Amino acid sequence: MPVTRSTGLLALGGIALAALLTVIGHLEVNDDLNPWALTISDFAVSDRGGVIDVAMVVLALATVALLYGLRRAGPPRSRSARTAELLLGAWVGGLLLAAVVPTNEPGTAMTTAAYLHRYASVIAFLALPIGGWLLARRDQLTPAARWLRGLAVASLVLAAAMVWSAYPGERVLIGLAERLLILTEVGVLTAVALVLARSGSSTRVIAV
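Scoring rules and cut-offs
- Residues numbered from 1 in each chain as written.
- Predicted model: local features only at pLDDT ≥ 70, side-chain atom pairs only at ≥ 80, totals over all residues.
- Heavy atoms only, no water.
- Helix = DSSP H or I, 4+ residues; strand = E, 2+ residues; numbered from the N terminus.
- Buried < 20%, exposed > 50% of the residue type's maximum accessible area, 1.4 Å probe, protein only.
- Contact = heavy atoms within 4.5 Å.
- Areas by Shrake-Rupley, 256 points an atom, 1.4 Å probe, with all protein chains shown as cover.
- Phe/Tyr/Trp six-rings, centres within 6.5 Å; stacked < 30°, edge-to-face > 60°.
- Lys NZ or Arg CZ within 6 Å of the ring centre and 35° of its normal.
- pLDDT = per-residue confidence, 0-100.
- Core = buried A, V, L, I, M, F, W, Y, C linked by side-chain atoms within 4.5 Å.
- Axes fitted to C-alpha atoms, helices over the stretch in contact; angles between N-to-C directions.
- Parallel < 35°, antiparallel > 145°, perpendicular 65-115°, else oblique.
- Left-handed = near helix turned anticlockwise from the far one by under 90°.
- Nonpolar A, V, L, I, M, F, W, Y, C, P; charged D, E, K, R; others polar.

This next bit is on the overall build of the protein chain. Looking only at helices and strands, the protein chain features seven helices and zero strands. In the protein chain, which comprises 208 residues, the share counted as buried stands at 50%. Counting only contacts in the protein chain whose residues sit at least 6 apart along the sequence, the fraction spanning at least 24 positions is 75%. Roughly 10300 Å² of accessible area belongs to the protein chain as shown, and the carbon and sulfur atoms make up 67% of that amount.

This part is about unusual backbone geometry. Positive phi, close to 65 degrees, is recorded for Arg 171, a residue that is not glycine. Take Arg 171: its relative accessible area is 35%, and that puts it in the partly exposed class. A positive phi angle is found at Leu 173, which is not glycine, with a value near 50 degrees. Mapped onto the fold, Leu 173 is located in the loop between α6 (145-166) and α7 (174-197).

All chains considered together, the criterion is met by one aromatic pair. A centroid spacing of 6.4 Å and a plane angle of 15 degrees characterise the contact between Tyr 115 and Tyr 119, whose relative ring orientation is stacked. Of this pair, Tyr 115 and Tyr 119 both sit in helix α5 (residues 112-135), four residues apart, which is roughly one turn of that helix. Lying over the aromatic face of Trp 133, Arg 149 brings its terminal NZ or CZ to 5.7 Å of the ring centre. The ring of Phe 43 carries the charged tip of Arg 179 above its face, separated from the ring centre by 5.1 Å.

As a further point, take the confidence of the model for the protein chain. Per-residue pLDDT for the protein chain has a mean of 88; in total, 90% of the residues score no lower than 70. Note that residues 201-208 has pLDDT below 50 and, in this model, 24 contacts with residues that lie over four places away or in other chains.

Counting residues in hydrophobic clusters, the biggest one holds 55 residues, and the most contacted among them are Leu 59, Leu 66, Trp 91, Leu 135, Leu 148, Leu 189 and Val 192. Broken down by secondary-structure element, the contributors of at least two residues to this core are α1 (3-28), α2 (40-45), α3 (51-73), α4 (79-100), α5, α6 and α7. At 12 residues, the largest contribution of residues to this core is made by α3. Apart from the residues within four sequence positions on either side, Leu 66 is in contact with Ala 11, Leu 189, Val 192, Ala 193 and Leu 196.

This part covers the packing of α5 against α6. Between α5 and α6, the shortest axis-to-axis distance is 8 Å and the interhelical angle comes to 160 degrees. In terms of axis orientation, α5 runs roughly antiparallel to α6. Like other packed secondary-structure pairs, α5 and α6 cross with a definite hand, here left-handed. Of α6, the residues touching α5 (which contributes Phe 125, Leu 126, Pro 129, Ile 130, Gly 132, Trp 133 and Leu 135) are Leu 148, Arg 149, Ala 152, Val 153, Ser 155, Leu 156, Ala 159 and Met 162. Taken together, the residues of the contact of α5 with α6 sort by class into 12 nonpolar, two polar and one charged.

Here it is, written out as structure tokens:
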């Protein structure tokens, strides 16, 4: 099986598993937690089994599989292609750091660890859509280029909505904004994984 196809399939499996674990993590926490008013991190810190944290690690590893497949299929030949890979790497790093360093309990004062978690999440949320936009320039990803660009723009709009909610908006519907943001960003990864999973043995990713 070609490397690009196998890594695409592996990434799709990781994305599906991460989604399943996140749903399980939401079902296992306190019923009083409101998913529209609280972020996934708020749910994770209340999740005694750490299922949501595991989901974040799995999603990061799925992204690593995508990066490996893209690199093996064809090294980046342009600055934008290299930047896209660096941004995906920043997404992976931010996701892993946010999984390892928990935020504070809802309603309590922010700690140093909570601030570290917050800014790691911000880096991840911004890096992925920009990286997805740049990935749309790769020749093999042309079939998904429109989706990549559309999801990237939607992600940035939702990220702006989340920032507004976190500060002047007094956290109104911040949980809803974050979950929609994560759906669009996972959509970026899924679009790339689907193209790689359909790749043939002679197909190479070419950066323009």
